[in-house]
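# A structural walkthrough
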Amino acid sequence: LGDLYSYLHSFGDARAQFEADRNPVKVIQSYRNDYRLPDRLQQALAYGQKAIAGGVMVPECLMEMSDIHRQLGRPDRALALLDQVAANPGYESEAHLLKGRIHFKLRDFAKAKAEFSLVRSDDMAGPVRYREAQDSLADIARYESLGVQPPS
């Protein structure tokens, strides 16, 4: 029902439904999507903090919050949150993939390669994330073969 409310842009109703379903990740996403709220990203971060303090879907909330910080131009904070995600068994590869993407966007190819190389095919993220990491490593190799250098 929350997804239907979101589709209809009735984000307040969507959040209420997601809260009733005990899905803080969807609540965070609903705040992020609610462009009528001038402080939507701050509200999403605050809600994520509350969920983490309550121990609910901690790794998933941390990943959402990391993406918000990335969106706000705070890559250091985004990476720090992903370090916390990586400390959760089964989430290491997902965290390394996301960290690699941040480093890639920052054109820090060495750090991106290091992170993508840590993604495993046998953890909870599974072979799909592993394939994405391998594709990203191939992309970096292509950039490097073309002489693309990170900014100094």
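For every chain, the first residue of the written sequence is number 1, and numbering continues from 1 onward in sequence order. Two thresholds apply to this predicted model, a pLDDT of at least 70 for residue-level local features and 80 or more for giving and counting side-chain atom pairs, whereas whole-chain, interface and lining totals are computed over all residues. Side-chain numbers come from the whole structure's heavy atoms, not from hydrogens or water.

### Description of unusual backbone geometry
We apply this condition: Secondary structure counts use DSSP, requiring at least four H or I residues in a row for a helix and at least two E residues in a row for a strand, with both numbered from the N terminus.
The backbone of His-9 shows a phi angle near 60 degrees, a positive value even though the residue is not glycine. Mapped onto the elements, His-9 comes out in the loop between α1 (2–7) and α2 (11–20).

### Looking at the pattern of salt bridges
In plain terms, the rule: One side-chain nitrogen of Lys or Arg within 4 Å of one carboxyl oxygen of Asp or Glu is enough to make a salt bridge. Per-residue accessibility, obtained with a 1.4 Å probe over protein chains only, is compared with the maximum for each type, and a residue is labelled buried under 20%, exposed over 50%, and partly exposed between these values.
The tally for this structure, following the rule as stated, stands at 16 salt bridges. For Arg-129, the salt bridge is made with Glu-132, and the minimal N-O distance between the two is 2.8 Å. With a gap of three residues between them, Arg-129 and Glu-132 both fall in helix α9 (residues 126–145), about one helical turn apart. A residue is classified by how much of its surface remains accessible, and Arg-129, at 26% relative accessible area, is partly exposed. The closest approach of N and O atoms between Arg-131 and Asp-135, which form a salt bridge, is 3.1 Å.

### Examining the side chain of His-96
Cut-off, in case you're wondering: By definition in these notes, contact holds between two residues if any of their heavy atoms fall within 4.5 Å.
Tracing the sequence through the fold places His-96 in helix α7 (residues 92–105). Aside from chain neighbours lying at most four places away, what touches His-96 is Glu-115, Phe-116, Leu-118 and Val-119.

### Quick word on the environment of Leu-106
Turning to its location among the elements, Leu-106 is positioned in the loop between α7 and α8 (109–117). Separated by 31 residues in the primary sequence, Leu-106 and Pro-75 have C-alpha atoms spaced 8.6 Å apart.

### Here we look at the packing of aromatic side chains
Using the following cut-off: Whether two aromatic rings pair depends on their centres lying within 6.5 Å, for rings of Phe, Tyr and Trp, where Trp uses its six-membered ring; planes under 30 degrees apart make the pair stacked, over 60 edge-to-face, and the rest tilted.
Under the defined criterion, the tally for this structure stands at four aromatic pairs. Taking the centre distance of 5.5 Å and the plane angle of 85 degrees together, the rings of Phe-104 and Tyr-143 count as edge-to-face. With Phe-104 in helix α7 and Tyr-143 in helix α9, the pair connects residues that are 39 residues apart, well separated along the chain. Given the relative accessible area of 19%, Phe-104 is considered buried. Classification of Tyr-143 by relative accessible area gives partly exposed; the value is 28%. For the ring pair Phe-109 and Tyr-143, a centre distance of 5.8 Å and an interplane angle of 55 degrees mean the geometry is tilted.

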